[in-house]
Amino acid sequence: MLLAHITDLHVGMPGSRIFHEFQSHRGLEEAVVHIQKIEPTPDVVVATGDLVDRGHPVEYELLRQVLSPLSQPVYVIPGNHDSREHLRAAFADDGYLPKEGFLHYAIDLGGVRLIALDTVVSGKPHGKLCHERLRWLDETLSGQPEVPTLIAMHHPPFVTGLRGSDLMGLSGRHEFEEILKDHRQVEHVIAGHVHRPITRRLAGCVASTLPSTTTQLVLDLTGNPGIAIRAEPPCVGLHFINENVEWVSHLSFIGDYGEAIVVA
Ligand SMILES: [Fe+2]
Ligand SMILES: [Fe+2]
C-alpha cells in the first residue's frame, strides 16, 4: 500500500493570489502531475485541510476540477480555511462524508484503516478536539483494535516550537494523546496547518506534518509570534506500508531538480 499525503492546498478564487503572490491552484496542479508520475502509483490520496483559501463554493469547484485527473480515491478533511458546509456539499457525491455534524470518518483501505478527524472551530484559526469528537475517536478506535491505523487531521496534535503556528494550535491535544495510549494500533498521525515538515513521537506512534502544496512558513524557532512565508519546495508525503505492515514515510519534493545521475 502506498498512500500519498498532500496538505494546505489553499486553492483560491480563479485568477486570485494568496498571500499577495502565489496562485495556489498552480501549486496543486503541479502536485497532481507529480502524484501521477510516482511509481508505483499511490493507492490513495489524503488531503489534510486548508483545501481552499476562503471556504467559497467557487473555490471548491476549482479544487475538484484540479483534483479530477487523479485516478485513485482522494479523501479530504477540513482545515481552518475551509467551510465545513461548503466542503461537505462539494464532496457529497463521493459518499464518505457524514451528511451532518463534524466531518470525521473511518475508511478501510485494505489492511490499513484511515481515521479522519475534523479539528475545525468555525471562523477561528486554532483547532479543537472537543469532548464529542474525542469520544467519537475513542469509540471508533475501539471498534477495530487489531487494524493498523493512520489518523489524519489538520491541526497537529503537538507543540511545534514555531511560536506563530503554536498560537493557532490544537486544544484537546493532551486528551487526544491519552486516547492514543489506549489504542496501540495507531501507527502514524498525519497533519498539516504549519506548512513545514515536522516529526514527533506521540504516545508511541509517529506524528508528522507536511509542507503545503503552495508555500511554506519560514522556519523560526526564536519564539517570534509572527508568521512569514517563503517559496521553499512543496512536497507530497508518501507512506509506504509493506505486506508485514512495516511502515516508512518519505517526502517527495515537487519541482524540477534535473535528471537522476546514476552513481552505482
Ligand atoms: Fe494552511
Ligand atoms: Fe491551517
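Residues numbered from 1 in each chain as written. Chains lettered and ligands numbered in written order. Predicted model: local features only at pLDDT ≥ 70, side-chain atom pairs only at ≥ 80, totals over all residues. Heavy atoms only, no water.

1. Considerations on the sheet that holds strand β15 (residues 247–253)
Now for step 1: Ordered by their spatial adjacency, five strands build an open sheet running β3-β2-β1-β14-β15, and the pairing between neighbours is mixed. Two strands in the sheet have a free side with no partner beyond their single neighbour: β3 (74–77) and β15. Here the average twist between neighbouring strands, direction ignored, is 20 degrees.
Now for step 2: For strand β2 (residues 44–48) and β3, the ladder comprises four bridges, and the chain directions are parallel. Paired with Thr48 across the bridge in β3 is Ile77. (Pairing = 2+ DSSP bridges. Helix = DSSP H or I, 4+ residues; strand = E, 2+ residues; numbered from the N terminus. Axes fitted to C-alpha atoms, helices over the stretch in contact; angles between N-to-C directions.)

2. Description of unusual backbone geometry
Now for step 1: Here Glu39 and Pro40 are connected by a cis peptide whose omega angle stands at -5 degrees.
Now for step 2: Relative to the assigned elements, Pro40 resides in the loop between α1 (24–37) and β2.
Now for step 3: For His10, which is not glycine, the phi dihedral falls at a positive 45 degrees.
Now for step 4: The residue His10 is located in the loop between β1 (2–6) and α1 in this model.
Now for step 5: Unlike most non-glycine residues, His193 shows phi in positive territory, near 75 degrees.
Now for step 6: Secondary-structure assignment places His193 in the loop between β9 (186–191) and β10 (198–202).
Now for step 7: According to the relative accessible area criterion, His193 is buried, its value standing at 6%. (Buried < 20%, exposed > 50% of the residue type's maximum accessible area, 1.4 Å probe, protein only.)

3. Thoughts on the coordination of the iron ion (ligand 2)
Now for step 1: Within the first shell, the iron ion (ligand 2) binds the protein through Asp50 (OD), Asn80 (OD1), His154 (NE2) and His193 (ND1), at distances of 2.1 to 2.3 Å.
Now for step 2: Considering all four donor atoms around the iron ion (ligand 2), angles at the metal cover 87 to 162 degrees and the coordination shape is irregular.
Now for step 3: Every donor residue of the iron ion (ligand 2) comes from the same chain, spaced as D-x29-N-x73-H-x38-H.
Now for step 4: Distance-wise, the iron ion (ligand 1) is placed 3.6 Å from the iron ion (ligand 2), both being coordinated by Asp50. A residue pair is termed long-range when its members are at least 10 positions apart, and Asn80 in the loop between β3 and α3 (84–90) and His154 in the loop between β7 (149–152) and α5 (163–166) qualify at 74 residues. A single burial state applies to Asn80 and to His154, both of which are buried. (Donors = N, O, S within 2.8 Å, 3.2 Å for Na, K, Ca; no water. Tetrahedral: all angles 85-135°; square planar, octahedral: opposite > 155°, others 65-115°.)

4. Description of α1
Now for step 1: With 14 residues, α1 ought to run about 20 Å at 1.5 Å a step, and its terminal C-alpha atoms sit 20 Å apart, in line with that.
Now for step 2: Regarding α1, the residues found buried are Ser24, His25, Gly27, Leu28, Ala31, Val32, His34 and Ile35.
Now for step 3: Buried residues along α1 sit in contact with β1, β2, α2 (57–67), β14 (235–241) and β15. (Expected span 1.5 Å × (residues − 1). Contact = heavy atoms within 4.5 Å.)

5. Some thoughts on the coordination of the iron ion (ligand 1)
Now for step 1: On the protein side, the iron ion (ligand 1) has Asp8 (OD), His10 (NE2), Asp50 (OD) and His195 (NE2) as donor atoms, found 2.0 to 2.3 Å from it.
Now for step 2: Geometry at the iron ion (ligand 1) is irregular, judged from its four donor atoms and the angles of 87 to 174 degrees they form at the metal.
Now for step 3: Motif for the iron ion (ligand 1), donor spacing along one chain: D-x1-H-x39-D-x144-H.

6. A word on the pairing of β9
Now for step 1: Most of β9 sits out of view: five of its six residues are buried.
Now for step 2: Sheet topology note: the β7/β9 ladder contains four bridges and is parallel. Across the sheet, the residue bridging to Ala152 is Ile190, located in β9.

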